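Working through the structure, step by step
Each chain, letter by letter, is given below.
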Amino acid sequence: MKAEIIVDVKRCARCGEDHQKVVFKKLTRPGPRHQYWAPCPKNQEPIMMRVVEMDTAQAKDAETNGEQMEVKTFVFSKE
Ligand SMILES: [Zn+2]
């Protein structure tokens, strides 16, 4: 698990806006629901996120499309 990942946030759970290239940091003690967090650039409240591996079928589709996609998807907490 990377210590930091940069992700575009759509409809931020904290302020409702989109944010580009937010740096998410790994939690010191990641749980099953949250592994990363970043402060909302607007109000500095924490955005919680986890990284989910895509299943094999989706991964295969991504490969046949030519581009080598990162086989991960980012799930933001709505809490
Ligand atoms: Zn925000």
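Residues numbered from 1 in each chain as written. Predicted model: local features only at pLDDT ≥ 70, side-chain atom pairs only at ≥ 80, totals over all residues.

Quick look at the overall build of the protein now. The number of helices and strands found in the protein is 1 helix and 5 strands. For the protein, the α and β elements follow one another from N to C terminus as β-β-β-β-α-β. Buried residues in the protein amount to 10% of all 79 residues. In the protein, once contacts between residues fewer than 6 apart in sequence are set aside, the share between residues at least 24 apart is 34%. (Helix = DSSP H or I, 4+ residues; strand = E, 2+ residues; numbered from the N terminus. Buried ≥ 20, exposed ≤ 12 C-beta atoms within 10 Å, placed from the backbone. Contact = placed C-beta atoms within 7 Å.)

This brings us to the environment of Ala-3. Structurally, Ala-3 is set in the segment before β1 (4-9). When the C-alpha atoms of Ala-3 and Lys-26 are compared, they prove to be 5.1 Å apart, with 23 residues separating the residues in sequence. Apart from the residues within four sequence positions on either side, Ala-3 is in contact with Lys-25 and Lys-26.

Attention now moves to the environment of Val-23. Within the element layout of this structure, Val-23 appears in strand β2 (residues 19-26). Here the alpha-carbon distance between Val-23 and Val-7, two residues 16 residues apart in the chain, equals 6.6 Å.

Let us now look at the sheet that holds strand β4 (residues 46-53). Strand order in the open sheet formed by 5 strands is β1-β2-β3-β4-β5, with antiparallel pairing between adjacent strands. With one partner strand each, in any of the chains shown, β1 and β5 (72-76) form the two edges of the open sheet. Between one strand axis and the next, the sheet turns through 35 degrees on average, direction left out of account. (Pairing = 2+ DSSP bridges. Axes fitted to C-alpha atoms, helices over the stretch in contact; angles between N-to-C directions.)

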